[in-house]
Amino acid sequence: MNGSGPKIDFRRSRERMVREQIEARGVSDPQVLRAMRKVPRHLFVEEALTPQAYEDHPLPLGHGQTISQPYVVGWMTELLAVAPGMRVLEIGTGSGYQAAVLAELGAYVFTVERVRPLYAQARRRLEELRYLKVRFKLDDGTLGWPEEAPFDRILVTAGGPKIPDPLRAQLADPGRMVIPVGAGRRSQTLVVVRKENGRVEEQELGGVMFVDLVGAHGW
Ligand code: SAH
């Protein structure tokens, strides 16, 4: 770290974030908590925002996009129930933070972003932080990543009007997808899709607010 600006103990801020925002609200999966204690979230936002990196709200990433509130990352990651060695597709790389959390869980992460500068920045950032197993694609993520399908887990971190058909098709059996879906923009219901023995079940959880999932099967 260089000497400019006030010195912040990021490790302590991160510990407090996990305790007060994530554990206190009911996320209890020890692996998820461990991963979020480890990933240096302040390195995933622009420098001017680092003092706010561990606060209880989303932050702007530029290009009209945001890095999700820490609690939402914890909640969705717990719902996804990732085990080491699973193939996980993430739609909406954004800052790369969520991809790093998934990588900490031992997943093979495939992440798709449609905004080139975000894709390039996240890719560089994760390489610098030695998350070397994460694979990146610049494309419309509503089409999934057919060449690498099927996926044990799919996590969508932008909100669209419906569950994109290609993502349903690329989900393994058994498999699980977590995705915000909403009839209106900027406000969605978090949906968990479980596929098992050829049967698909959908469960609607609480309300969330994500930026738009745009594309062929999005807005
Ligand atoms: N998971 C991110 C936050 C995502 S914000 C993080 O941890 O920082 C949502 C992201 O989804 C934005 O970067 C946006 O550009 C992207 N996005 C929206 N529609 C998309 C699409 N069809 N394909 C890929 N990325 C998309």
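Only a predicted model underlies this, so the values are computations on that prediction, with no experimental measurement involved. (Residues numbered from 1 in each chain as written. Predicted model: local features only at pLDDT ≥ 70, side-chain atom pairs only at ≥ 80, totals over all residues. Heavy atoms only, no water.)

Some remarks on the nonpolar core
Step number 1: Met36, Tyr97, Leu126, Val134 and Val178 are the most contacted members of the largest nonpolar core, which has 51 residues in total.
Step number 2: For this core, the elements supplying multiple residues, two or more each, are helix H1 (10-23), helix H2 (30-38), strand E1 (59-62), helix H3 (70-80), helix H4 (97-104), helix H5 (116-128) and strand E8 (188-196).
Step number 3: It is H3 that contributes the most residues to this core, seven residues altogether.
Step number 4: In this structure, Val178 is in contact with Met76, Leu79, Leu80, Ile154, Leu155, Val156, Leu190, Val191 and Val192, ignoring residues within four places of it in sequence.
Step number 5: Counting 19 residues, the second-largest nonpolar core is a separate cluster that includes Ile91, Phe110, Ile179 and Leu213. (Core = buried A, V, L, I, M, F, W, Y, C linked by side-chain atoms within 4.5 Å. Buried < 20%, exposed > 50% of the residue type's maximum accessible area, 1.4 Å probe, protein only. Helix = DSSP H or I, 4+ residues; strand = E, 2+ residues; numbered from the N terminus. Contact = heavy atoms within 4.5 Å.)

Topic: the packing of aromatic side chains
Step number 1: Within this structure, the stated rule accounts for five aromatic pairs.
Step number 2: Considering the side-chain rings of Phe110 and Trp145, the 5.4 Å spacing of their centres and the 85° angle between planes classify their relative orientation as edge-to-face. A residue pair is termed long-range when its members are at least 10 positions apart, and Phe110 in strand E4 (residues 108-113) and Trp145 in the loop between strand E5 (135-138) and strand E6 (151-156) qualify at 35 residues. Of the two residues, Phe110 and Trp145, neither departs from the other in class, the shared state being buried.
Step number 3: Summarising the aromatic geometry, the rings of Phe110 and Phe151 are spaced 5.6 Å apart at their centres and angled 65° between planes, so their arrangement reads as edge-to-face. Of the two residues, Phe110 is situated in strand E4 and Phe151 in strand E6; the sequence distance between them amounts to 41 residues. Each member of the pair, Phe110 together with Phe151, is buried.
Step number 4: Over the face of the ring belonging to Tyr71 we find Arg25, whose NZ or CZ atom lies 5.4 Å from the ring centre. (Phe/Tyr/Trp six-rings, centres within 6.5 Å; stacked < 30°, edge-to-face > 60°. Lys NZ or Arg CZ within 6 Å of the ring centre and 35° of its normal.)

Brief notes about the site of the ligand
Step number 1: Inspection of the region around the ligand gives 26 residues, with Ser95, Glu113, Asp140, Gly141 and Val214 positioned closest.
Step number 2: Ser95 is positioned with one of its side-chain polar atoms (N or O) 2.6 Å from an oxygen atom of the ligand.
Step number 3: Contacts to the ligand include Val214, whose backbone N or O atom sits 2.5 Å from a nitrogen atom.
Step number 4: Alone, the ligand offers 580 Å² of accessible surface; in the complex the protein occludes 99% of this.
Step number 5: Going through the elements one at a time, strand E2 (65-67), H4 and E4 are the ones with two or more residues in the shell around the ligand.
Step number 6: A per-element tally of the shell around the ligand places E2 first, with three residues. (Near = heavy atom within 4 Å. Polar contact = N/O pair within 3.5 Å; in protein donor to acceptor, adjacent residues only side chain to side chain. Areas by Shrake-Rupley, 256 points an atom, 1.4 Å probe, with all protein chains shown as cover.)

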